[in-house]
Amino acid sequence: MTIKRITFLQELLGLFGLQERVHLAWISSAEAQKFVEVVTAFTEKIKSLGPNPLPAYRDAPRAALAAAAH
Amino acid sequence: MKEQIKSWLEQGTVDVFLGYREVDHHPIPWCFTQEAIEEVDDLVVSPARYSLEKIATHMAAEDPDIRIGMLARDCNNRALNVLYVWNQLRPEQVVTVEANCCPSPLKEHADCSYLEPGTVGAYKKAVGIDNHLRLEAVEAYGPEEGRNRWMYEFQKCIKCYGCRNICPVCFCRECSLDHDDLVGTGPLLPDIPIFHLVRAVHMAGRCIDCGLCEDACPMDIPLRLLYQKVNRIAMDLFDYRTGTSGDQPPFSILGDRVTLEPKPIQPVTGAEA
Amino acid sequence: MTLSEVKDISGKEGNFTVTVARHPRYVDMNKCIACGTCAEKCPKKVDDLYNERLMKRKAIYVPYSQTVPLKYAIDADNCIYFQKGKCRACEKFCPAGAVNFDDKETEVALKVGSLILAPGFKSFDPSRYDTYAYTTLPNVVTSLEFERILSATGPFMGHLSRPSDKAEPAKIAWFQCVGSRDVNRCDNGYCSSVCCMYAIKQTVIAREHSKVPLDCAVFFMDMRTHGKDFDRYYEHAEKDGVRFIRSRAHTVEPMPEGDDLLVTYADETGHLQKEVFNMVVLSTGLEVDEAVVSLSERLGIDLDEYHFTLTDSFHPVATSVPGIYACGAFTGPKDIPQSVMEASAAACAATESLAPARNTCTKELIIPPERDVRREPPRIGVFVCNCGINIGGVVRVPEVAEFARGLPHVVYVEENLFTCSQDTQDKMTEVIKEQGLNRVVVAACTPRTHEELFQETLINAGLNKYLFEMANIRNHDSWVHGDDPDAATEKAKDLVRMAVAKTALLSPLQQTDLPISQSALVVGGGIAGMTASLALARQGYPVHLVERSETLGGNARMLNQAHKGEPVADLIQKLTEEIRSEKRITLHENSVITHVDGFIGNFKTEIATGSSREIIDHGVAILATGAAEYKPKEYLYGEHEAVVTHLEMDGLLRNNDARIDKARQVVFIQCVGSRDDEHPYCSKVCCTHTVESALELKKRNPDINIVVLYRDMRTYGKREDLYRAARAAGVIFVRYSRDEKPVVTADGGRVDVRFRDPILDRTLTVQADLLCLATAIVSHKDETLAQFFKVPMDGDGWFLEAHQKLRPVDFANDGVFLCGMAHYPKPIDESIAQAQAAASRALTVLAMDTIKVGGIVSVIDPDLCSGCLACIQVCPFNAISFNEEKKVAEVNEALCKGCGACAATCPSEAPVLMGFNNTEIYAQIRGALAA
């Protein structure tokens, strides 16, 4: 079921192009190495994606937004 | 139809009948009763819509045994199904008179003209989202464009709660949109897009695509498309078809009924779909 | 007691003295914090036996990461200090001062009333199978070695590779019955029972791990997947492309080039085949270790010719010495569920005679009165642990402590070398009192291992134990960010800030004691139900035994003997007499259950006997409702008098029916109604039953001709001896396939049975005087009973236990247990073991006067509840019910396990998970984001 919930979230965030910021992996308690690999890779990915673009919209004037859309 | 309703009221088949009455040439949502049975003569069926089932829900909350008659389009019926599923009304306490209905992905080939594409300005089409697009078209926007367009729409929100207040399937006593920890109740503009996404998540498996929210929205935010999106997910991922039956369990993002039973051992190949 | 060995035993049942030698660990268990520094510094590398010598460990080690207790030990045989007189690196580096080279072997004498032996098994050493070349070809591995290869903690970290060149294999062969069902190259005539299933499991997992489509071939004689749901797994694997080849492969040879292996085998028609594989896995059998044999000799326990305990079918966990019991693979090869059942059964049997002594050596715990802190403003104490150098070596603990001092509501901060040490605990108690602390945060390791310890300290200081929170700055921080002390220190601060933010909002939670009604209900008066009832009664508890019919005994009344030849009628008579004379058992015959209310410790059940109704109180329930014989629609059953079921055959034999004496030719057909579309499972008992009947017929008339038409002979465990005996007696076994079933036609007073012999490759017809159908066992599908006790059933109608491997007699619904054929078809010995196991599990409830309810449970705010029932749908414990009057959902805190599913699903946040409520969680999230 977890995969469904996460897909739900990814789909919804996909409207804003943010789906890549959610990642799901199955790692058992015995798989420390895999945990490190997955978390490190995801951290790197998030860093390369940069900060969440959404808060800017809350503060940005609408005109700027409209300009961006053109 | 009027005779039918009158006889129901007279014979006590229903205690009240919810429909529309023409008052000063305006169709007004009306509760017809046996005491004022002559008002049934003014009953009117028009494109005008209101969430009559929401009124029914409030009535049933006050008087659980009340029997309610209702003028119902297909969307009203879907809403009723949802309310049965969520235990807010009982099917045996509701009878309906059917009226023609609106087009929706949940009900193709319908003939209601109410939600026909109307007037969407060129500016909104250019920078925002045309409310009458199909969901696929909206999904096709690139990440940046989608984000810009949706956020343009959400930025307009004045947090009037009209979408929630009109919604026929919003019945919670405490609403998450009033929850300070989740959305921040004070400031305008609302916390975007959280405000809209919280509502969207709660609409998954509940929204019956009647479009009343969009109708009520003074800022013309394409809410139907947003809720169509979550319902599409509910259908694709959870195989849940909102409003199609009153017998199904309430939709839960936790999935099907949660059990602790181990599933039969089955070799798993690849990820679970 | 680990690293310990039983040296000697004296005395007798009820009063044994056991001498136990405790081997030195050289590590003080009270001091070792399992940080691993010692193993890191130890210079000596040793073959890792846990990993089948496929990788190395150090001379100071824990066998594997889930070891209990998680404490290091020195392997003196390999330690440089012990062997050469110097090194002691571990001692030097141990932050806790736990290493003790002066540790000596000690002897302890234990006074016990009974003993349970659970020494397990040894995997068969295949070296002596010279043609499999295990000793010379590295890519021929045993199944245990392959298990380690597949494991994430194994030599290749779970990447499927072969030992010789670490290449990823694309073709693997499994050889079944290595060291099992073999009296030629070894003396293990028995079937090891588990290898077929584990081999299939390995094919499935190997295919999952493999990056390329993996070709798996299993060479087998009979596929013995007789356990619950096992046949489905087998079919699924076959459908998925695993090749199952019916042959005993005889030779593995190296290919002239490279490390691949040439496998030679004869196919079913006798033609020699050769195929090349990258790797061969030998499915090695289970056998008893020589050390266990010598232990048995010391204890005076009789063993059979295979060194398993000599037990009879009706006392599956008893040994030949009264007061000494055995369980697991020592009583015969078996899988995990059966071992777990036997373990509980042995616990039940071993305590039966000791029941009067229960609770005689216990001490009462004195708990100081709890201070009411609800009106006090939060006064939080923060204890930051260095964990030796585990945390302090990375995180700058003084800086974290200083930071904590500045957090809201924090009035006391302390830094400890080891917060968990006993002296720190004593001090913490004092500090809580002196400083008037009303909430405590410990920034140290994981609550999984230490929460209880600290909660104990809070209780001793007069605080509610829920006013406590841990920040895991070791496992989540210093251990993973060892190379970045700055970041680790910042993260530690974040974790402490989160914990403090939540702690300030914590409120005391109460647990209340709910009295338990100390009596049991057993449903079903077959062998399982009777055994369970007697076990509970002998443990001192009243039992209500409800039987639907007018006679006790169930299906067993139609059976002649158990597989070791014991007469079943004697057993039933004995049990029935014991039930009737046992004053603690109230027998309700001709009775059914009509209503059940309540939950663990407090059930109320209505029993209807004729027209009268009785309501009884009971604390636990055991469901032993059995199963039924399948009535065949096929093979002329019911149409021709020569066709009988195997229970009917037992009847003919019992009554010395004339037809038995006259019969010259008897045919048995196996799997009638089993392993087909309608019943896609194996009925488990029929192969053995048929072989027993065939042997009995041969005994009465050695000249009789018997043909058994089978799909796989599943005479598992020691039952294989019967199969071998039947073949030796001249019984002919011919295999048929599911697609080509035998055809039966009437031929006067006889029937003609036509079938294809796959070895002769031609169709034969046998004229049979008697045709015995080995009919399936089918469930009663008693949905009413399932609903009464809120217990699930699987698709075949068997009751579904809480966990198929680890909790085989429990239900997810607490206080309800399961045994006998209501669980799955099984022979009498397994039914008895399971019944004793169910009684044992029930005893864990009955032995308590009260159960604690509350604490971390969900509570639904009736003002916020809209009555949508969504929470009821998602609750896995059936703990939520709908109050029709108030139109709101309510949680039964005796059933709630605090999983939080209701809180997650409610659209209105009406359910509050105590100790994890929304404000607490939000405070924690804000704390996390506040940096």
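Residues numbered from 1 in each chain as written. Chains lettered and ligands numbered in written order. Predicted model: local features only at pLDDT ≥ 70, side-chain atom pairs only at ≥ 80, totals over all residues. Heavy atoms only, no water.

### Concerning the overall build of chain B
Part 1: Secondary structure assignment for chain B yields 11 helices and four strands.
Part 2: For chain B, restricting intrachain contacts to residue pairs at least 6 apart in sequence, the fraction spanning at least 24 positions comes to 66%.
Part 3: Of the roughly 12,200 Å² of accessible surface on chain B, 52% is carried by carbon and sulfur atoms. (Helix = DSSP H or I, 4+ residues; strand = E, 2+ residues; numbered from the N terminus. Contact = heavy atoms within 4.5 Å. Areas by Shrake-Rupley, 256 points an atom, 1.4 Å probe, with all protein chains shown as cover.)

### A closer look at the nonpolar core
Part 1: Among the nonpolar cores identified, the biggest contains 89 residues, and Phe8(A), Phe16(A), Phe17(B), Leu89(B), Trp150(B) and Tyr227(B) are the most heavily contacted of them.
Part 2: The greatest single-element share of this core, amounting to nine residues, is contributed by helix 11 (residues 223-238) of chain B.
Part 3: Excluding residues within four positions of it along the chain, Tyr227(B) makes contact with Arg199(B), Ala200(B), Met203(B), Cys207(B) and Cys213(B). (Core = buried A, V, L, I, M, F, W, Y, C linked by side-chain atoms within 4.5 Å. Buried < 20%, exposed > 50% of the residue type's maximum accessible area, 1.4 Å probe, protein only.)

### Examining the sheet that holds strand 30 (residues 612-618) of chain C
Residue and element names in this part refer to chain C.
Part 1: Taken together, the three strands give an open sheet; going across it, the order is 28-29-30, and neighbouring strands pair in antiparallel fashion. Here the strands that pair on one side only, and so sit at the sheet edges, are strand 28 (591-599) and strand 30. Within this sheet the neighbouring strands show an average axis-to-axis angle of 20°, counted without direction.
Part 2: Inspection of the sheet shows strand 28 paired to strand 29 (residues 602-609) by eight bridges, in the antiparallel sense. Looking at the pairing, Val596 lines up with Thr605 of strand 29. (Pairing = 2+ DSSP bridges. Axes fitted to C-alpha atoms, helices over the stretch in contact; angles between N-to-C directions.)

### Looking at the environment of Pro827(C)
All names here are of chain C.
Part 1: Summarising the element assignment, Pro827 is placed in the loop between strand 42 (816-818) and helix 21 (828-846).
Part 2: Along the primary structure Pro827 and Val685 are separated by 142 residues, whereas in three dimensions their C-alpha atoms are 5.8 Å apart.
Part 3: Residue contacts for Pro827: discarding those within four places in its chain leaves Lys684, Val685, Tyr716 and Arg719.

### Looking at helix 19 (residues 720-728) of chain C
Residues and elements named next belong to chain C.
Part 1: Buried within helix 19 are the following residues: Glu720, Leu722, Tyr723 and Ala726. The arc that holds every buried residue of helix 19, seen down its axis, measures 160°, which confines them to one face.
Part 2: One or two positions beyond helix 19, positive phi appears at Gly730, with a value near 95°. (Arc of directions from axis to C-beta.)

### Comments concerning the interface of chain C and chain B
Part 1: Tallying the contact residues gives 43 residues for chain C and 31 residues for chain B.
Part 2: Across the interface of chain C and chain B, roughly 3,100 Å² is buried in total on both sides, 59% from carbon and sulfur atoms.
Part 3: For the chain C face of the interface with chain B, the top three residues by lost area are Ser866(C), Gln873(C) and Pro907(C), together amounting to 17%.
Part 4: Counting the contacts that link chain C with chain B gives zero salt bridges.
Part 5: Along the contact surface separating chain C from chain B lie 10 residue pairs in polar contact (both at pLDDT 80 or more).
Part 6: Only helix 5 (195-209), helix 6 (230-239), helix 22 (870-874), helix 23 (901-905) and helix 24 (918-929) of chain C provide two or more residues apiece to the side of chain C that touches chain B. (Buried area = accessible area lost by both parts, 1.4 Å probe. Salt bridge = Lys/Arg side-chain N within 4 Å of Asp/Glu carboxyl O. Polar contact = N/O pair within 3.5 Å; in protein donor to acceptor, adjacent residues only side chain to side chain.)

### Some words on the interface of chain A and chain C
Part 1: In this complex, chain A contributes four residues to the contact, which on the side of chain C involves four residues.
Part 2: Buried surface at the junction of chain A and chain C, both sides included, amounts to about 290 Å², of which 72% is carbon and sulfur.
Part 3: Among the residues chain A hides against chain C, the three largest losses belong to Ala30(A), Glu31(A) and Gln33(A). Together they make up 81% of the total.
Part 4: At the junction of chain A with chain C, the criterion picks out zero salt bridges.
Part 5: In this structure, the connection of chain A to chain C is made through zero residue pairs in polar contact (both at pLDDT 80 or more).

### Here's the deal with the domain arrangement of chain B
All names here are of chain B.
Part 1: Domain boundaries assigned for chain B yield domain 1 (2-98) and domain 2 (122-238).
Part 2: Computed from C-alpha coordinates alone, the two centres of domain 1 and domain 2 are separated by 28 Å.
Part 3: Each partner contributes residues to the interface: domain 1 has 13 residues there, and domain 2 has 15 residues.
Part 4: In total, domain 1 and domain 2 occlude about 1,200 Å² of area from one another, counting both sides; carbon and sulfur atoms represent 63% of this.
Part 5: On the domain 1 side of the contact with domain 2, Arg49, Lys54 and Trp86 bury the most area, a combined 42% of that side's loss.
Part 6: In this assembly, domain 1 and domain 2 are joined by zero salt bridges.
Part 7: The element contributing the most residues to the side of domain 1 that touches domain 2 is helix 3 (residues 74-85), with five residues. (Domains from an automatic or database assignment.)

### Section: the pattern of salt bridges
When the charged atoms of two side chains with opposite charge come close together, those side chains can pair.
Residue and element names in this part refer to chain C.
Part 1: Here the structure, examined in full by the defined rule, presents 81 salt bridges over all chains.
Part 2: For Glu275, the salt bridge is made with Arg243, and the minimal N-O distance between the two is 2.6 Å. In this pair, Glu275 is assigned in strand 16 (residues 272-277) and Arg243 in strand 13 (residues 243-246), connecting sequence segments 32 residues apart.
Part 3: Residue classification places Glu275 among the buried residues on the basis of a relative accessible area of 14%.
Part 4: In this structure, Asp712 engages Arg246 in a salt bridge whose closest nitrogen and oxygen atoms are separated by 3.1 Å. Taken together, the residues span a long stretch of sequence, with Asp712 in the loop between strand 35 (705-710) and helix 19 and Arg246 in strand 13 at a distance of 466 residues. The same class applies to Asp712 as to Arg246, namely buried.
Part 5: The network of salt bridges with shared partners includes Asp231, Arg246, Arg675, Asp712 and Arg714.

### Description of the packing of helix 14 (residues 527-538) of chain C against helix 21 of chain C
Residue and element names in this part refer to chain C.
Part 1: Following both chains from N to C, one finds helix 14 and helix 21 inclined at 40°, their axes separated by 8 Å at the closest point. As judged from the angle between their axes, helix 14 and helix 21 are oblique. Viewed along their axes, helix 14 and helix 21 form a crossing whose handedness is right-handed. Along its contact with helix 14, which presents Ile527, Ala528, Thr531, Ala532, Ala535 and Leu536, the element helix 21 presents Ile828, Ser831, Ile832, Ala835, Gln836, Ala839, Ala842, Leu843 and Leu846.
Part 2: Taken together, the residues that form the contact of helix 14 with helix 21 break down as 12 nonpolar, three polar and no charged. (Parallel < 35°, antiparallel > 145°, perpendicular 65-115°, else oblique. Left-handed = near helix turned anticlockwise from the far one by under 90°. Nonpolar A, V, L, I, M, F, W, Y, C, P; charged D, E, K, R; others polar.)

### Examining the packing of aromatic side chains
Residue and element names in this part refer to chain C.
Part 1: Across all of its chains, the model carries 33 aromatic pairs over all chains by this definition.
Part 2: Ring geometry for Phe219 against Phe277: centres 6.0 Å apart, planes inclined by 80°, an arrangement best described as edge-to-face. Here Phe219 is found in strand 12 (residues 215-220), whereas its partner Phe277 is found in strand 16, with 58 residues between them in sequence.
Part 3: Both rings, one in Tyr234 and one in Phe244, keep their centres 4.9 Å apart while their planes meet at 85°; by these two values the pair is edge-to-face. Pair noted here: Tyr234 is in helix 6 and Phe244 is in strand 13, with a separation of 10 residues, a long-range link.
Part 4: Taken together, the ring pairs in this structure connect Phe124, Tyr129, Tyr132, Phe175, Phe219, Tyr265 and Phe277 into an aromatic cluster.
Part 5: Positioned above the aromatic ring of Tyr81 is the side chain of Arg88, whose terminal nitrogen or guanidinium carbon lies 4.6 Å from the ring centre.
Part 6: The ring of Tyr132 carries the charged tip of Arg185 above its face, separated from the ring centre by 5.7 Å. (Phe/Tyr/Trp six-rings, centres within 6.5 Å; stacked < 30°, edge-to-face > 60°. Lys NZ or Arg CZ within 6 Å of the ring centre and 35° of its normal.)

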